[in-house]
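# An overview of the molecular structure
Below, each chain spelled out in residue letters.
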Amino acid sequence: CNGNYSYSVRWQSFVGFGHETTVVVKGNKVAERRYREFKAPARRPAPKNPNVKPKPPEPLWVEKGKELGSHKKGAAAKTLDQLYQEAAAVAKRKLPANERRYLIFNKQGLLLSCFTVDTRIADDAPTKGVNITSIQLGKAK
């Protein structure tokens, strides 16, 4: 893909609210970072009009150029190479008895997740490591 791709990192609470960061990489350098938040769905959603397509949620903010990394919320602006290095460190680390490691690849063999979780925490346990939701190879839309 000549160093042109985007990936998303999503976190969602067990009750439905959460946030998503999309990182756009061009020529093996982070070019853009987009962040959005979402709420838990209503218990009884309003009936949908089949003739109206819902709009995709707009990002709360978009960072480009010198602005990259200026917001505290969201996943860090890293390339996949940097995430692979982070994952390698997580994979090599010896785990205490109360942690479990997860390693997940997509159908193309690309790393999606390499993280650990503290098994003593039931709901919304924080993860330590890499946890990518999706990867889009080629030019970002």
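Because the structure is predicted, anything quoted here is derived from the model rather than measured.

The rules behind these values
Residues numbered from 1 in each chain as written. Predicted model: local features only at pLDDT ≥ 70, side-chain atom pairs only at ≥ 80, totals over all residues. Heavy atoms only, no water. Helix = DSSP H or I, 4+ residues; strand = E, 2+ residues; numbered from the N terminus. Buried < 20%, exposed > 50% of the residue type's maximum accessible area, 1.4 Å probe, protein only. Contact = heavy atoms within 4.5 Å. Areas by Shrake-Rupley, 256 points an atom, 1.4 Å probe, with all protein chains shown as cover. Lys, Arg positive; Asp, Glu negative; His and termini not counted. Charge placed at Lys NZ, Arg CZ, Asp CG, Glu CD. pLDDT = per-residue confidence, 0-100. Patch = residues over 30% accessible without salt bridge, like charges linked within 9 Å, V, L, I, M, F, W, Y side chains within 5 Å. Salt bridge = Lys/Arg side-chain N within 4 Å of Asp/Glu carboxyl O. Core = buried A, V, L, I, M, F, W, Y, C linked by side-chain atoms within 4.5 Å.

Once that is clear, we can look at the overall build of the chain. A count of helical and extended segments in the chain gives one helix and eight strands. Along its sequence from the N terminus, the chain presents helices and strands in the succession β-β-β-β-α-β-β-β-β. Buried positions account for 32% of the 141 residues belonging to the chain. Put simply, of all contacts in the chain between residues at least 6 apart along the chain, 46% involve residues at least 24 apart. When the accessible area of the chain is evaluated, it comes to approximately 10,200 Å², of which 53% is carbon and sulfur surface. Computing the positive centroid from 27 side-chain charges and the negative centroid from 12, the chain places the two 4 Å apart.

Let us look at the confidence of the model for the chain. Considering every residue of the chain, the mean pLDDT works out to 87; 90% of them sit at 70 or more. Least confident of the elements in the chain is strand 7 (residues 127-131), whose mean pLDDT is 88; most confident is helix 1 (residues 80-92), at 94.

As a further point, take a nonpolar patch on the surface. Residues Trp11, Phe14, Val15 and Phe17 make up a contiguous nonpolar surface patch of about 400 Å² in total accessible area. Phe17 gets classed as partly exposed once you look at its relative accessible area, which sits at 40%.

Moving on, we come to the pattern of salt bridges. Inspection of every chain in the model, using the stated rule, returns eight salt bridges. One salt bridge connects Arg34 with Glu32, and the closest N-O pair in it is separated by 2.5 Å. On the basis of relative accessibility, which here comes to 23%, the residue Arg34 falls in the partly exposed class. Notably, a salt bridge pairs Glu63 with Arg33, separated by 2.7 Å at the nearest N-O pair.

A word on the nonpolar core. With 15 residues, the main nonpolar core has Tyr7, Leu80, Leu83, Val130, Ile132 and Ile135 as its most contacted residues. Put simply, the parts of the chain that give this core at least two residues each are strand 1 (5-12), strand 2 (18-26), helix 1 and strand 6 (111-118). For this core, the leading source of residues is helix 1, giving four residues. Beyond its immediate stretch of four places on either side in the chain, Val130 contacts Leu83, Glu86, Ala87, Leu111, Leu112, Ser113, Cys114 and Phe115.

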